[in-house]
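One-letter residues, chain by chain:
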Amino acid sequence: MTTQNQLPRSTPEAQGIPSAAIQNFVDAVEQQVDALHSFMLVRHGQVVAEGWWAPYGPEHQHVLFSLSKSFTSTAIGLAVAEGRLTVEDRVIAFFPEDLPADVSENLAAMRVHDLLAMATGHTEDTTGYVQQAPDGNWVKAFLARPVDRTPGTHFVYNSGATYMLSAIIQKITGQKLIDYLQPRLFQPLGIENPWWESCPRGINVGGWGLNVRTEDIARFGQMYLQKGVWQGKQLVPQAWVEAA
């Protein structure tokens, strides 16, 4: 991590937080959570407390699980800003070669916005089904699932939906999600050597599987708190931050 991208450090008291309150929090976590791997508290853009539990350390990357989704949705926002797609675009339009023989009215109505909002119309998470696709074609498996409700009307937690956002990025840019984000987000934020799990067809899984360091997450969060601005540059459009 380059020094210019490190967040400044401060004492808790200088940022209006009692050190004792942080100690109480850590003590409570130690008692109530099975295992904390790392902890970083940022106030007013400054790190006021940080810690790692062995064998983890500040230099170690860690799998983000579903926090990966926030990076995937950010990529969609950047692609929208570049005029590559809109959130109203229909999902089926991106994958004509992977559609089921019978495209239901609800599947035809599903928009990029519905993938982002996890309101695809599915009544259950599609992830297990796509992962079990015998031919390794997760996109085709997702599109084959029944869409029982009108998209946009019901929320169901659905990591498969976020995978589809990654697949859309790769389809419209010709780049993996991680490579698309490299110059637009990772490099400006000083996130070095991120890696992302991929499906059998080489599409980053999107909904999970991104590996970065603890401070990388803090800088990403701080950038969002700053309405998409980092070091004086608008990395993510403010309108997208507010919509997200």
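Residues numbered from 1 in each chain as written. Predicted model: local features only at pLDDT ≥ 70, side-chain atom pairs only at ≥ 80, totals over all residues. Heavy atoms only, no water.

### Here we look at the overall build of the protein chain
Working step 1: When its secondary structure is counted, the protein chain shows 10 helices and 7 strands.
Working step 2: By principal-axis analysis of the C-alpha atoms, the protein chain measures approximately 60 × 40 × 30 Å.
Working step 3: Total accessible area computed for the protein chain in this model is approximately 11,600 Å², and 52% of it derives from carbon and sulfur atoms.
Working step 4: A gap of 6 Å separates the mean positions of the 17 positive and 24 negative side-chain charges of the protein chain. (Helix = DSSP H or I, 4+ residues; strand = E, 2+ residues; numbered from the N terminus. Areas by Shrake-Rupley, 256 points an atom, 1.4 Å probe, with all protein chains shown as cover. Lys, Arg positive; Asp, Glu negative; His and termini not counted. Charge placed at Lys NZ, Arg CZ, Asp CG, Glu CD.)

### Side note on unusual backbone geometry
Working step 1: In this chain, Ala54 is followed by Pro55 through a cis amide linkage whose omega measures 10°.
Working step 2: Within the secondary structure, Pro55 sits in the loop between β2 (46-52) and β3 (62-63).
Working step 3: Backbone geometry places Lys227, a non-glycine residue, at a positive phi of 60°.
Working step 4: Following the sequence through the fold, Lys227 ends up in the loop between α9 (214-225) and β6 (229-230).
Working step 5: Residue Lys227 is classed as partly exposed on the basis of its relative accessible area of 40%.
Working step 6: Phi is positive for Gln231, close to 50°, though the residue is something other than glycine. (Buried < 20%, exposed > 50% of the residue type's maximum accessible area, 1.4 Å probe, protein only.)

### Some details on the sheet that holds β3
Working step 1: Taken in spatial order, the 3 strands line up as β3-β5-β4 in an open sheet, and their pairing is antiparallel. Of all strands in the sheet, those bounded by a partner on one side alone are β3 and β4 (195-196).
Working step 2: Here 2 bridges tie β4 to strand β5 (residues 210-212), and the two strands are oriented antiparallel to one another. Bridge pairing in β5 places Trp196 opposite Leu210. (Pairing = 2+ DSSP bridges.)

### Considerations on the side chain of Asn211
Working step 1: Within the secondary structure, Asn211 is located in strand β5.
Working step 2: Polar contacts involving the side chain of Asn211 include one to the main-chain amide nitrogen of Val63, which spans 3.2 Å.
Working step 3: In this structure, Asn211 is in contact with Gln61, His62, Val63, Pro194 and Trp195, ignoring residues within four places of it in sequence. (Polar contact = N/O pair within 3.5 Å; in protein donor to acceptor, adjacent residues only side chain to side chain. Contact = heavy atoms within 4.5 Å.)

### A closer look at helix α1 (residues 19-32)
Working step 1: In a regular helix each residue adds 1.5 Å, so 14 residues correspond to 20 Å; α1 covers 20 Å between its end C-alpha atoms and thus fits that length.
Working step 2: Within α1, burial applies to Ile22, Val26 and Val29. The buried residues of α1 occupy an angular sector of 60° when projected down its axis, which confines them to one face. In α1, those exposed residues whose orientation departs by more than 90 degrees from the buried face are Asn24, Gln31 and Gln32.
Working step 3: Buried residues in α1 make contact with β1 (38-43) and β2. (Expected span 1.5 Å × (residues − 1). Arc of directions from axis to C-beta.)

### Some thoughts on the side chain of Ser68
Working step 1: Note on placement: Ser68 falls in helix α2 (residues 68-81).
Working step 2: Separated by 2.7 Å, the side chain of Ser68 and the backbone oxygen of Phe65 make a polar contact.
Working step 3: Looking at Ser68, its side chain comes within polar contact range of the main-chain nitrogen of Leu210, at 3.1 Å.
Working step 4: Excluding its chain neighbours within four sequence positions, the residues that come into contact with Ser68 are Trp196, Gly206, Gly207, Trp208, Gly209 and Leu210.

### Observations regarding the pattern of salt bridges
Working step 1: Tallied over the full model, the rule gives 12 salt bridges.
Working step 2: The partner of Arg84 in a salt bridge is Glu82, with the nearest N and O atoms 2.6 Å apart.
Working step 3: Judged by relative accessible area, Glu82 falls into the partly exposed class, the value being 38%.
Working step 4: In this structure, Arg184 engages Glu82 in a salt bridge whose closest nitrogen and oxygen atoms are separated by 2.6 Å. Pair noted here: Arg184 is in helix α8 (residues 177-189) and Glu82 is in the loop between α2 and α3 (105-109), with a separation of 102 residues, a long-range link.
Working step 5: Taking relative accessible area as the criterion, Arg184 reaches 21% and is therefore assigned partly exposed.
Working step 6: By sharing partners, the salt bridges in this structure join Arg9, Glu50, Glu192, Arg213, Glu215, Asp216 and Arg219 into a single network. (Salt bridge = Lys/Arg side-chain N within 4 Å of Asp/Glu carboxyl O.)

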